[in-house]
Amino acid sequence: MNTVRQLDRVVIRFAGDSGDGMQLTGDRFTAETAKLGNDLSTLPNYPAEIRAPAGTLPGVSSFQIHFADTDILTPGDQPEVLIAMNPAALKANLRDLKSGGTIVVNTDEFTKRNLTKVGYEANPLEDGSLDDYQVHPVALAGLTIAALAEYEVSKKDAERSKNMFALGLVSWMYSRPTEATEEFLRGKFKAKPAIAEANIAALKAGWNYGETAEAFAVRFEVPPAKLNAGTYRNVTGNTALAWGITAAGVASGLPVFLGAYPITPASDILHELSKHKRFGVTTVQAEDEIAAVGAALGASWGGALGVTTSSGPGIALKSETISLAVSLELPLLVVDVQRAGPSTGLPTKTEQADLVMAMFGRHGEAPIAVLAPQSPSDCFDIMLEAARIGLAYRTPVMVLSDGYIANGAEPWRLPDLADLPDISVAFATEPNGVDAKGEPAFLPYLRDPETLARPWAVPGTPGLQHRIGGIEKADKTGDISYDPANHDHMVRTRAAKIAGIDVPDLEVDDQGDADVLVLGWGSTWGPIGAAVRGLRDKGVPIARAHLRYLNPMPGNTAEVLARYDKVVVPEMNLGQLALLLRGNFPGVNVVGYNQVRGLPFTSNELQDALEEVIKNG
Amino acid sequence: MADAVKLEAPKLKAKDFKSTQEVRWCPGCGDYAILAAVQSFLPELGLEREKIAFVSGIGCSSRFPYYLNTYGIHSIHGRAPAIATGLAVSRPDLSVWVVTGDGDALSIGGNHLIHALRRNVNLKILLFNNRIYGLTKGQYSPTSEPGKLTKSSPMGSVDAPFNPLSLALGSEATFVARTLDSDRAHLQEVLRAAAEHEGSAFVEIYQNCPIFNDNAFEVLKNPETRDEAIIRLRNGEPVRFGAADGEKVVVQSGYGLEVRDAADVDEADVVVHKADVDDPAYAFALSRLSGTALDHTPIGVFRNVARPTYDKGVRTQVDEAAAGVDRREALDRLLHSGDTWTVL
């Protein structure tokens, strides 16, 4: 009988070659953990190459999960458990592992040739270099092949199931149920039942190995977290974002039209929405990024909710068309799933360095609304907000997600759709003015006095035929105008329209004793939250706030910032929000904390940095 | 959509399609003739004005939508086919037209043009080819002849030009035609055929720019040369032309076509024009009869074949999937799909 020990939280990292199926393994472990009721957060990390040379350091793919019996905010700074499928995975990830941590290692791959490939002169399993860790050497491939000897699968297919053996073993170690994974495998390999059964057998063999092998004396349990009542699911940012777009179609009653060109890490949004035609969602995979946004804008003109999704390099290409949308004053949702740049940069790694591009990366005075989700599940809500603003104010809205949010997952308390906001639109159907002769006429740039939005008359509406274009338009009539005073008026009016967008106030979390505010935006919400908790646990006072609305910023922003001696702004860029704050709020003492390593902040480093500012100024 | 065309077609006139905007092309521009021809042709569509949308890019020709009393977008350089694709896919009840020029469609917007044609989106694309950049005041364009002297090529252009029809045919276009700004009857005949075609229709209109490239098509317009230079294509009829110094015919030659004196050719060897030949090689060979000197220039419909359209394909999938779906209920089911758990 094994001993069972209770833990409050664990961080596990699965690491292997990109061909070893580590993302799938991590996904399944996540699903099991979610099912058990733990709170969790995940961080997939994989190379840009689809299949880098096998067994090499650049080919290592990993998946980290942090799960706990309390609510948590990040995928964890340091793993306590490392599953290493080969020497490259061990070498690439060992430096992150907590001292004294557990390593489950696939010994079958520790051949002289594989060790040499990654620069190990001696076998680390034998030379004492892992003495500070608890190492469990397991012949994962050999055991899997042996377990599947009776199954009608090739040796190669049997060997490929070793990730399920590993999953079975780790599931046993942390007392996770595997039934859902068995169901999943039957579905995934529906066309190949023999492969499905082999994978299930490998999964069970891994579980049984844990139970019988004497090496594993202790088993762990992490009890369910006390989350708010409701129905939960696990969701990645890209999925939640795609569902948010779908929901915006339902909430507005408009057909959704997505124009997109494949690009990492945004392509999954295109894939997801392509599956949802039943909601009246049309997806066009365009010939390039420019055509993708052009088609979306054409559809918006026609009365659809036009959307385009991309990453930084694609957004740069769309810039001219977004400016046209500013001039046409039509709704257009633009999603930038940011990745590390410039240029191709690190396509699978995260960064927040497109904020200034989102704000100003167009020609002329071309302001647009800019929003940023703060977590994977927030991507759902942020798209509803983006649609609300775009439709009500007839403007392009940029949504800044990033690679961390897009691929990371967290439990999401499912919304009650009865609470779905009504964001329906009234198209223009009648003339709204008179022409020079006093006849009833349609004035496409006569504005709503409240929102400054212009009427949206879709082609096909009798009697409202009109022409719009990129040339400056005369106020009200929309006719071509080269008049200097009119241009000045129109530029200022478009700016006033964006500045006047109704956004909720900034919420401040201050226990009443803080002199320093930490202000974040986007995906740093989790790490900042964890760092703030850490500081408060130590008795260090700090206030925090998070901007989901970057343009316009909430109306109380100036007042909030003015309350604090210092405002620390952690960003995964070299200070872009800080630049905006210094420009907009000159009296505020903004202190930047910046990293551009392609990875999210760890809460520990952030906590240390914040403490440094608080204590030493 | 069944309600796209009203059964009782309104008796609209050319003047009903004129907008209130002052037309601002240079005096003598070929665009005036094209505008007048289009305005007097549009009533033939039998559609209410609001059911017609014109989308243009940038360039002299792209001012076109401002002068029509329909819905219109004057967009950005080269992107009209992309914007029109979004509109055509989402609004099957509209008749969507693209107006573009040789620089707009073939240079900055080349990519969108070829992809619209290969997809066979239901768009009517009118390319005004004046073989020069007009709005930017006279640089050589992708259809300018080699050696062209312009402001940006003072020693003569070293660019090799596109043959727009060859490009369209290479892009799998299902309808390809050419006409002239100055021949209103022919222009309208081609517009009619284009309008009737389901899918992308590509119409090259030779258009004179009197300021920067005057008389570029003189050989096709001068009564002394035009009969010998123009080959009028008529479906089902032998391809013959010319008058003054004897009749000419088009015959097969090697892998292509060539012009011969009719007197030297057996009647049975004269090519009979068939725009609906599935193999684009024939239309391509026709497009190669005229070089940059325009010596033997076929006009009319080169190719007109049926192929499923992109926009209908996209809509069919969405319509089939969405039929009878309660979207709110389906959204609830989507959110609850897969692994979920409940906390009490």
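All residue numbers here refer to positions counted from 1 along the written sequence of the relevant chain. The order in which chains are written sets their letters, starting at A; the order in which ligands are written sets their numbers, starting at 1. Only residues with pLDDT of at least 70 get local features here, since the model is predicted, and only at 80 or more are side-chain atom pairs given and counted; chain-wide, interface and lining totals rely on the full set of residues.

1. Let's talk about the interface of chain B and chain A
Any pair of residues counts as being in contact when their C-beta atoms, constructed from backbone geometry, are within 7 Å of one another. Each partner contributes residues to the interface: chain B has 53 residues there, and chain A has 59 residues. Secondary structure elements follow DSSP: runs of H or I no shorter than four residues count as helices, runs of E no shorter than two count as strands, and numbering proceeds from the N terminus. Elements with a contribution of two residues or more to the side of chain B that touches chain A: β2 (71–74), α2 (80–90), α4 (110–119), α10 (310–322), α11 (327–335) and β12 (340–343) of chain B. Considering every element that reaches the side of chain B that touches chain A, the biggest residue donor is α2 of chain B, with eight residues. When residues are grouped by polarity, Ala, Val, Leu, Ile, Met, Phe, Trp, Tyr, Cys and Pro land in nonpolar, Asp, Glu, Lys and Arg in charged, and all others, Gly among them, in polar. Its residues placed into classes, the side of chain B that touches chain A shows 24 nonpolar, 18 polar and eleven charged. DSSP bridges decide pairing: two strands pair if at least two such bridges lie between them. One ladder, built from three bridges, connects strand β19 (residues 467–469) of chain A with β2 of chain B; its direction is parallel. Residue Arg-467 of chain A lies in a different strand from β2 of chain B, and its bridge partner there is Gly-72 of chain B.

2. Focus on the pairing of strand β5 (residues 175–180) of chain B
All names here are of chain B. Here exposure depends only on C-beta density: within 10 Å of a residue's C-beta, 20 or more other C-beta atoms make it buried, 12 or fewer make it exposed, and intermediate numbers make it partly exposed, the C-beta atoms being placed from the backbone. Burial within β5 is extensive, with six of its six residues counted as buried. Of the two faces of β5, the one carrying Phe-175, Ala-177 and Thr-179 and the one carrying Val-176, Arg-178 and Leu-180 are both buried. Both β5 and strand β6 (residues 201–206) contribute to a ladder of six bridges, which runs parallel. Across the sheet, residue Leu-180 finds its bridge partner in β6, namely Tyr-206. We call a crossover right-handed when, viewed with the strands running away from us, the connection from the first strand over the helix to the second turns clockwise. Crossover β5 to β6 through helix α6 (residues 184–196) is right-handed. Sheet topology note: the β5/strand β11 (residues 297–304) ladder contains four bridges and is antiparallel. Paired with Phe-175 across the bridge in β11 is Asn-304.

3. Regarding the domain arrangement of chain A
Residues and elements named next belong to chain A. Along its sequence, chain A is organised into domain 1 (3–221), domain 2 (233–418), domain 3 (426–502) and domain 4 (508–616). In this document the domain limits rely on a domain assignment from an automatic tool or a database. Using only C-alpha atoms to locate each centre, domain 2 and domain 3 end up separated by 26 Å. Taken residue by residue, the interface counts 16 residues in domain 2 and 15 residues in domain 3. Counting residues per element, the ones that place at least two in the side of domain 2 that touches domain 3 are α12 (312–328) and α14 (378–393). At four residues, the largest contribution of residues to the side of domain 2 that touches domain 3 is made by α12.

4. Some remarks on unusual backbone geometry
Residues and elements named next belong to chain A. A cis amide bond, omega 5°, links Gly-341 with the succeeding residue Pro-342. Among the structural elements, Pro-342 can be located in the loop between β13 (332–338) and α13 (355–360). Cis geometry is adopted by the peptide bond preceding Pro-552, which originates at Asn-551 and carries an omega value of -5°. Structurally, Pro-552 is set in the loop between β23 (549–551) and α18 (557–562). Non-glycine residue Ser-175 carries a positive phi angle of around 55°. Of note, Ser-175 is situated in the loop between α6 (162–173) and α7 (179–188).

5. Some thoughts on the sheet that holds strand β6 (residues 102–106) of chain A
Residue and element names in this part refer to chain A. With mixed pairing, the six strands of this open sheet are ordered in space as β3-β4-β2-β5-β6-β7. Sheet topology places β3 (39–45) and β7 (134–138) at the edges, where each strand pairs with a single neighbour. Neighbour-to-neighbour, the strand axes of the sheet open up by a mean angle of 15°, direction not taken into account. Bridge count between β6 and β7: five bridges; the pairing is parallel. Paired with Val-104 across the strands is His-136, a residue of β7. Between N-to-C directions, angles span 0 to 180 degrees; the directions come from axes that are lines fitted to C-alpha atoms, helices contributing only their stretch in contact.

6. Concerning α6 of chain A
All names here are of chain A. For α6, spanning twelve residues, the distance from its first C-alpha to its last is 17 Å, which sits close to the expected 16 Å at 1.5 Å a residue. Burial of α6 is extensive: twelve of the twelve residues sit out of reach of the surface. Restricting attention to buried positions, one finds in α6 the residues Lys-162, Asn-163, Met-164, Phe-165, Ala-166, Leu-167, Gly-168, Leu-169, Val-170, Ser-171, Trp-172 and Met-173. One or two steps after α6, the chain reaches Ser-175, where phi turns positive at roughly 55°. Here, expected helix span is obtained from the residue count minus one, scaled by 1.5 Å.

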